Amino acid sequence: MLTLFHSPMSRSTTMVSAIDEMGLTAEIDIRLTPIRRADGSGGQDPDNPHPDGKVPALVHDGAVITERPAILIYLSELFPQAAAIRPVGHPQRGPFLTWLAYYAGVVEPVLVADAAGLTHPYLSHTFRGPKELAHRMANTLSDGREYLLPDGFSTVDLLMASPFLWMRDALPDDPKVVAWFDRVAARPSVITAAQRDQEDIASLA
């Protein structure tokens, strides 16, 4: 039994899109849960197994998996036949894992620090900054590929595009990166998840 604890208009929306792209909608029950929002609204759900009361949290036969990259890796191993992944043994498995780790270890810290107006030599030395992030993405796409992996779309693209769905101004101002983002944002799974969020947010009010 697989259950995803999800709150609309949050980081877990990426997982709803990913489940759709992977063809796992019949395999995973999506359970709505309230969370404490940045504006002070909402609250922690005692039934949510996430240790910090956040989302997403995936429960599989009693085991709890949190953090989006970990959940995406876990599902790619549990369902190696799923679409939009690179399973163990695939030639692009290494780059697939690298982008997931890069997002968690670099992209989100860089974007959060930049949005908060934080600068410090420790931050720039450890994570670099928006300029380096923009360069890495533009350089990756410079060979004409449409998505971040050379052989096509994957859940990596969903994760890497996710912050820019909320902070479009933070998207690197490079034509190749903008075109990539527009392709990801136009995918039916992303549009459907956003529409579903609008309906679900009202049910949790």
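These numbers were taken from a predicted model, which means no experiment stands behind them.

S.K.: Help me understand the overall build of the protein chain in this model?
M.R.: Counting secondary structure elements, the protein chain contains eight helices and four strands. Order of helices (α) and strands (β) in the protein chain, N terminus to C terminus: β-α-β-β-β-α-α-α-α-α-α-α. Here the C-alpha radius of gyration of the protein chain, 17 Å, is about what a compact globule of 205 residues would show, namely 17 Å. Along the first, second and third principal axes, the C-alpha atoms of the protein chain reach 45 × 40 × 30 Å. A burial count over the protein chain gives 46% of its 205 residues as buried.

S.K.: Would you explain the packing of aromatic side chains in this entry?
M.R.: For any pair of aromatic rings, the description consists of the separation of the ring centres together with the inter-plane angle of the planes. Under the definition given, this model contains three aromatic pairs. Aromatic side chains Trp99 and Tyr102 sit 5.7 Å apart centroid to centroid with 80° between the ring planes, which places their arrangement in the edge-to-face category. Residue Trp99 and its partner Tyr102 are both found in helix 3 (residues 93-115); the two are separated by three residues, about one turn of the helix. For Trp99, a relative accessible area of 7% translates into the label buried. Judged by centre distance (5.4 Å) and plane angle (80°), the ring pair of Tyr147 and Phe153 falls under edge-to-face. The exposure class of Tyr147 is buried, given its relative accessible area of 11%. Phe153 sits in the buried class, given a relative accessible area of 12%. One residue, Arg136, lies across the ring of Trp99, its end atom 5.5 Å from the ring centre.

What counts and how
Residues numbered from 1 in each chain as written. Predicted model: local features only at pLDDT ≥ 70, side-chain atom pairs only at ≥ 80, totals over all residues. Heavy atoms only, no water. Helix = DSSP H or I, 4+ residues; strand = E, 2+ residues; numbered from the N terminus. Rg over C-alpha atoms; globule rule 2.2 N^0.38 Å. Buried < 20%, exposed > 50% of the residue type's maximum accessible area, 1.4 Å probe, protein only. Phe/Tyr/Trp six-rings, centres within 6.5 Å; stacked < 30°, edge-to-face > 60°. Lys NZ or Arg CZ within 6 Å of the ring centre and 35° of its normal.

Geometry only, nothing functional implied.
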